[in-house]
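Topology and contacts: notes
Single-letter residue listing:
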Amino acid sequence: MRHFFIIILVLIFASCNSKRTTPKPRGYYRIELPQERGYARTALKNYPYSFEISSHATVAPPDDEHNEPYWINVSYPAYNAKIHISYKAVKNNLEKFVEDTHYLVYKHHVKADGIQPRRFESP
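Parameters and conventions
- Residues numbered from 1 in each chain as written.
- Predicted model: local features only at pLDDT ≥ 70, side-chain atom pairs only at ≥ 80, totals over all residues.
- Heavy atoms only, no water.
- Core = buried A, V, L, I, M, F, W, Y, C linked by side-chain atoms within 4.5 Å.
- Buried < 20%, exposed > 50% of the residue type's maximum accessible area, 1.4 Å probe, protein only.
- Contact = heavy atoms within 4.5 Å.
- Pairing = 2+ DSSP bridges.
- Helix = DSSP H or I, 4+ residues; strand = E, 2+ residues; numbered from the N terminus.
- Axes fitted to C-alpha atoms, helices over the stretch in contact; angles between N-to-C directions.
- Expected span 1.5 Å × (residues − 1).
- Phe/Tyr/Trp six-rings, centres within 6.5 Å; stacked < 30°, edge-to-face > 60°.
- Salt bridge = Lys/Arg side-chain N within 4 Å of Asp/Glu carboxyl O.

This next bit is on the nonpolar core. Counting residues in hydrophobic clusters, the biggest one holds six residues: L44, Y49, I53, A57, I72 and V74. Aside from chain neighbours lying at most four places away, what touches V74 is F51, I53, A57, T58, V59, A81, K82, I83 and I85.

Here it is as structure tokens:
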């Protein structure tokens, strides 16, 4: 019993550590944005839309076999980032598109449990 008590005492003192840890503040990714800024209108021929794009980005059609007409990818090679832009004409089929949107969002509900439905209406 005496040996057991000595072993426990040695373990307690050996486990004590003088190093104190402090919690680290929450960190965010830092992206170094270029100082020179330039924007130009996209040169998309036969597309029903256009927009201004940064001079640091490139526009290309998707490489995927599931792409539809007027879909494009805006790529930022310096940041290894892509923005996928899709387009569908709305002609008396808005209800179908709204249902498709709900389906796509709730398909990920199993993985992302923070999805809270909110109704938004705008005239």
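Where strand β4 (residues 72–76) and strand β5 (residues 81–85) come together, five bridges link them in antiparallel fashion. Within β5, the residue paired with N73 across the bridge is H84. With antiparallel pairing between neighbouring strands as the criterion, β4 and β5 make up a hairpin whose turn holds four residues, including N80 at a positive phi of roughly 55 degrees.

On to the sheet that holds β5. Backbone-to-backbone hydrogen bonds join strands into a sheet, with any given pair of strands oriented parallel or antiparallel. Spatial strand order, β3-β4-β5: three strands in an open sheet with antiparallel pairing. Looking along the sheet, the strands with just one partner apiece sit at the ends: β3 (58–60) and β5. Here the average twist between neighbouring strands, direction ignored, is 25 degrees.

This part covers the pairing of β4. Among the five residues in β4, four count as buried, and that is most of the element. Alignment of β3 against β4, held across three bridges, turns out to be antiparallel. Paired with T58 across the strands is S75, a residue of β4.

Compared with an ideal rise of 1.5 Å per residue, which puts 14 residues at 20 Å, helix α1 (residues 2–15) spans 20 Å between its outermost C-alpha atoms and is within 8% of the ideal. Taken across its 14 residues, α1 has zero buried, putting it largely on the surface.

Take the packing of aromatic side chains next. Per the stated rule, a full pass over the model turns up five aromatic pairs. Taking the centre distance of 5.8 Å and the plane angle of 90 degrees together, the rings of Y47 and Y49 count as edge-to-face. Relative accessible area serves as the criterion here: at 26%, Y47 is assigned to the partly exposed category. With a centroid separation of 5.7 Å and 90 degrees between ring planes, the pair formed by Y70 and Y87 is classed as edge-to-face. With Y70 in the loop between β3 and β4 and Y87 in the loop between β5 and α2 (94–107), the pair connects residues that are 17 residues apart, well separated along the chain. Connected via pairs of aromatic rings, a cluster forms that spans Y47, Y49, F51, Y70 and Y87.

Right, let's talk about the pattern of salt bridges for a bit. Applying the stated rule across the entire model yields three salt bridges. Residues K96 and D100 are paired through a salt bridge, measuring 3.0 Å at the closest nitrogen-oxygen approach. With K96 and D100 both in helix α2 and four residues apart, the pair spans about one turn of that helix. Salt-bridge contacts for E121 lead to R119; the nearest nitrogen and oxygen are separated by 2.9 Å.

A few words on unusual backbone geometry. Positioned with a positive phi, N46 is a non-glycine residue whose angle comes to about 65 degrees. With respect to the secondary-structure elements, N46 resides in the loop between β1 (39–41) and β2 (52–54). The backbone of N80 sits at a positive phi, close to 55 degrees, despite the residue not being glycine. For N80, the position within the fold is in the loop between β4 and β5.

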